[in-house]
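Chain by chain, the residues run as shown.
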Amino acid sequence: MRPYAEMTREELQDLRKELKAQYREMQAMDLNLNMSRGKPCMEQLDLSMGMMDVLNHESELRSEDGTDCRNYGVLTGIPEALELMGDFMEVPYDHIILYGNSSLNVMYDTISRCYTHGVMGHTPWCKLDKVKFLCIVPGYDRHFAITEYFGIENVPVPMLETGPDMDIVEKLVAEDDAIKGIWCVPKYSNPTGNSYSDETVRRLARMKPAANDFRIYWDNAYTMHHLYDKDQDNVIEILAECKRAGQPDLVYKFASTSKVSFPGSGIAALASSSNNLEDIKAQLKIQTIGYDKLNQLRHVRFFGDIHGMVEHMRKHAEILRPKFEMVEEILERELSGLDIGKWTNPKGGYFISFDTLDGCAKQVVSRCAKAGVVMTPAGATWPGGRDPHDSNIRIAPSFPPLNDLKIATELFALCVKLVSVEKFLKSREMEEKSAG
């Protein structure tokens with residue numbers, strides 16, 4: 001099959017008739033499939049079931065420093081859990097605070113604290129006329145939703161294969177003191193799966209923000225979420241790089257075990273400089289007496305150490321890898337050479353980013369829904385859901401069983417072809433009217 005753009009109107013009409021017949025056949029299957037969010041599947045959750053048995057009524061429930069994990073106290077986390085999460089996040093254990101299960105909750109709290117009380121003595125954002133945030137696009141919709149909720153202006157910055165377009169980032173940050181932060185997913189980014197290059201990380205660490213309270217919001221959600229044992233992305237550790245650049249306070253680093261153990265009951269953590277952590281703890285000690293130390297202990301007893309966690313993540317990869325490879329194989333088989341879409345082939349993470357022809361994404365997602373497959377809403381990867389090109393769609397292969405995923409991806413490819421054919425036909429008709 002040659003590119004659709006090279007086809008005549010008659011060829012496109014014949015193709016549309018054929019594709020519509022295929023689409024009706026899939027509608028008749030009465031599908032009810034959902035691939036809208038990057039949730040771990042049941043087999044992945046089963047990997048951590050042993051965690052339910054590591055503590056019981058006969059277990060020693062004191063941490064290594066003697067703390068009774070059943071009781072109040074220990075604001076930042078028990079020592080052995082801090083060490084485990086420090087290795088997980090590639091930072092010293094004394095630069096970490098452990099929270100509950102959700103890193104998104106920690107990010108929300110961080111923005112809220114900056115909004116109401118400011119950053120390390122600076123003016124609270126709520127007292128400023130204008131506050132802005134840089135958002136890498138396509139990106140994570142829940143990041144954008146947090147800043148939008150607080151009335152902060154989200155400013156889109158293009159995502160390249162090497163990370164955010166640093167020429168744009170450096171210029172905006174240096175010129176505008178209303179810009180207070182940037183959302184980053186540095187490894188296997190949501191949704192592209194791209195990872196930041198060494199140069200990108202070094203340039204981020206060496207930025208000269210006009211705002212003294214500017215921070216990099218570094219969501220390292222997929223730090224160990226590789227699909228392959230050897231072909232893996234590696235990202236420079238940002239806290240150490242900021243320290244080398246003489247700007248140790250420039251970053252807040254977030255992570256969690258949500259897609260390592262149980263999403264509903266993992267451990268979230270924040271890592272930063274000593275100055276930032278003291279600022280955060282001043283609020284945290286008002287907010288809580290301490291998080292779930294039994295859950296922290298449960299994670300340590302289950303994984304043992306970072307090596308146990310690495311082996312555990314290999315089991316996750318064995319489940320996820322066939323799903324990603326299947327989606328990529330179907331997209332290649334069905335769409336390669338047609339010039340109607342392009343997609344990423346990530347080495348890890350939870351998503352594949354797909355770009356349709358301009359103006360087609362919403363129609364593709366709608367077509368899928370009408371045939372029984374729910375996708376992430378088109379535009380979700382842009383602030384406010386407003387993709388100016390209406391082209392980006394996030395594919396989430398993790399949750400559906402393989403057979404369901406196969407059907408859903410085949411339907412998706414069919415919808416891309418059908419919507420693209422209709423776009424070219426409309427263009428041909430407009431050209432003919434113009435010529436006539």
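Residues numbered from 1 in each chain as written. Predicted model: local features only at pLDDT ≥ 70, side-chain atom pairs only at ≥ 80, totals over all residues. Heavy atoms only, no water.

- Looking at an unreviewed UniProt entry, the chain carries the name Aspartate/methionine/tyrosine aminotransferase, with the source organism given as Moryella indoligenes.

### Focus: the overall build of the chain
Then, in step 1: Check the secondary structure of the chain and you find 13 helices and 13 strands.
Then, in step 2: For 436 residues, the compact-globule estimate of 2.2 N^0.38 gives 22 Å, and the chain sits close to it at 24 Å.
Then, in step 3: Here the C-alpha coordinates of the chain stretch approximately 80 × 55 × 35 Å along the principal axes.
Then, in step 4: Here the analysis covers contacts within the chain between residues at least 6 apart in sequence; of these, 77% occur between residues at least 24 apart. (Helix = DSSP H or I, 4+ residues; strand = E, 2+ residues; numbered from the N terminus. Rg over C-alpha atoms; globule rule 2.2 N^0.38 Å. Contact = heavy atoms within 4.5 Å.)

### Quick word on the UniProt feature "coiled-coil region" (unreviewed entry) in the chain
Then, in step 1: Feature annotation in UniProt assigns "coiled-coil region" (unreviewed entry) to the following positions: residues 5-32.
Then, in step 2: Taken end to end, residues 5-32 is 68% helix and 0% strand, and its two terminal C-alpha atoms sit 33 Å from one another. (UniProt positions renumbered as here; feature names shortened; annotations may be inferred.)

### Some thoughts on the sheet that holds strand β3 (residues 132-137)
Then, in step 1: Reading across from one edge, β2-β9-β8-β7-β6-β3-β4-β5 is the order of the eight strands in this open sheet, with mixed pairing throughout. In this open sheet, the two strands that pair with only one neighbour each are β2 (96-98) and β5 (163-164).
Then, in step 2: In the packing of helix α3 (residues 79-89) onto the sheet, contacts are made with β2, β8 (251-256) and β9 (268-271), and the angle to β2 comes to roughly 120 degrees.
Then, in step 3: Across the face of the sheet, helix α7 (residues 198-205) comes into contact with β5, β6 (179-184) and β7 (215-219) while running at roughly 145 degrees to β7. (Pairing = 2+ DSSP bridges. Axes fitted to C-alpha atoms, helices over the stretch in contact; angles between N-to-C directions.)

### A look at the packing of aromatic side chains
Then, in step 1: Scanning the entire structure with this criterion turns up 16 aromatic pairs.
Then, in step 2: Considering the side-chain rings of Y149 and F150, the 5.6 Å spacing of their centres and the 85 degrees angle between planes classify their relative orientation as edge-to-face.
Then, in step 3: Judged by relative accessible area, F150 falls into the buried class, the value being 13%.
Then, in step 4: Taking NZ or CZ as reference, K39 lies 4.9 Å from the ring centre of F399, over its face. (Phe/Tyr/Trp six-rings, centres within 6.5 Å; stacked < 30°, edge-to-face > 60°. Buried < 20%, exposed > 50% of the residue type's maximum accessible area, 1.4 Å probe, protein only. Lys NZ or Arg CZ within 6 Å of the ring centre and 35° of its normal.)

### Focus: the pattern of salt bridges
Then, in step 1: Summed over the entire model, instances satisfying the criterion amount to 27 salt bridges.
Then, in step 2: The partner of E11 in a salt bridge is R2, and the shortest N-O contact between them spans 2.5 Å.
Then, in step 3: Relative accessible area serves as the criterion here: at 35%, R2 is assigned to the partly exposed category.
Then, in step 4: Note that E334 is salt-bridged to K417, the shortest N-O span being 2.8 Å. One end of the pair, E334, is in helix α11 (residues 306-335); the other, K417, is in helix α13 (residues 402-435), with 83 residues separating them in the sequence.
Then, in step 5: Each of E329, R333, E334, K406, E410 and K417 takes part in a single network of salt bridges with overlapping partners. (Salt bridge = Lys/Arg side-chain N within 4 Å of Asp/Glu carboxyl O.)

### Some words on the side chain of K253
Then, in step 1: Assignment of secondary structure puts K253 in strand β8.
Then, in step 2: Exposure remark for K253: the relative accessible area of 1% places this residue in the buried category.
Then, in step 3: In this structure the side chain of K253 is engaged in a polar contact, spanning 2.8 Å, whose partner is the side chain of E237.
Then, in step 4: Not counting residues up to four positions away in its chain, the partners in contact with K253 are M89, V91, W218, N220, E237, I238, L239, A269, L270 and A271. (Polar contact = N/O pair within 3.5 Å; in protein donor to acceptor, adjacent residues only side chain to side chain.)

### Comments concerning the sheet that holds strand β11 (residues 352-356)
Picture the strands of a sheet paired through backbone hydrogen bonds; they go either parallel or antiparallel.
Then, in step 1: In spatial order, the strands read β10-β11-β13; together these three strands make up an open sheet with antiparallel pairing. The outermost strands of the open sheet, each flanked by one partner alone, are β10 (341-343) and β13 (392-395). Direction aside, the axes of adjacent strands within the sheet are offset by 20 degrees on average.
Then, in step 2: As judged from the three bridges shared by β10 and β11, these two strands associate in the antiparallel manner. Residue pairing across strands places W343 opposite F354, the latter belonging to β11.
Then, in step 3: Across the sheet, α11 lies against β10, β11 and β13, angled at about 20 degrees from β11, the strand it touches most.

### Comments concerning the pairing of β8
Then, in step 1: When you tally the buried positions in β8, you get six out of six residues, the bulk of the element.
Then, in step 2: Burial along β8 is two-sided: V251, K253 and A255 facing one way and Y252, F254 and S256 facing the other are all buried.
Then, in step 3: As paired elements, β7 and β8 share four bridges and run parallel to each other. Across the sheet, the residue bridging to D219 is F254, located in β8.
Then, in step 4: Handedness of the β7-helix α8 (residues 238-244)-β8 crossover: right-handed.
Then, in step 5: Both β8 and β9 contribute to a ladder of four bridges, which runs antiparallel. Following the sheet pairing, F254 is matched in β9 by L270. (Right-handed = clockwise from strand over helix to strand, strands pointing away.)

### Comments concerning a negative patch on the surface
Then, in step 1: Residues E64, D65, E83, D87 and D305 make up a contiguous surface patch of negative charge.
Then, in step 2: Position of D87 relative to the elements: it lies in helix α3. (Patch = residues over 30% accessible without salt bridge, like charges linked within 9 Å, V, L, I, M, F, W, Y side chains within 5 Å. Areas by Shrake-Rupley, 256 points an atom, 1.4 Å probe, with all protein chains shown as cover. Lys, Arg positive; Asp, Glu negative; His and termini not counted. Charge placed at Lys NZ, Arg CZ, Asp CG, Glu CD.)

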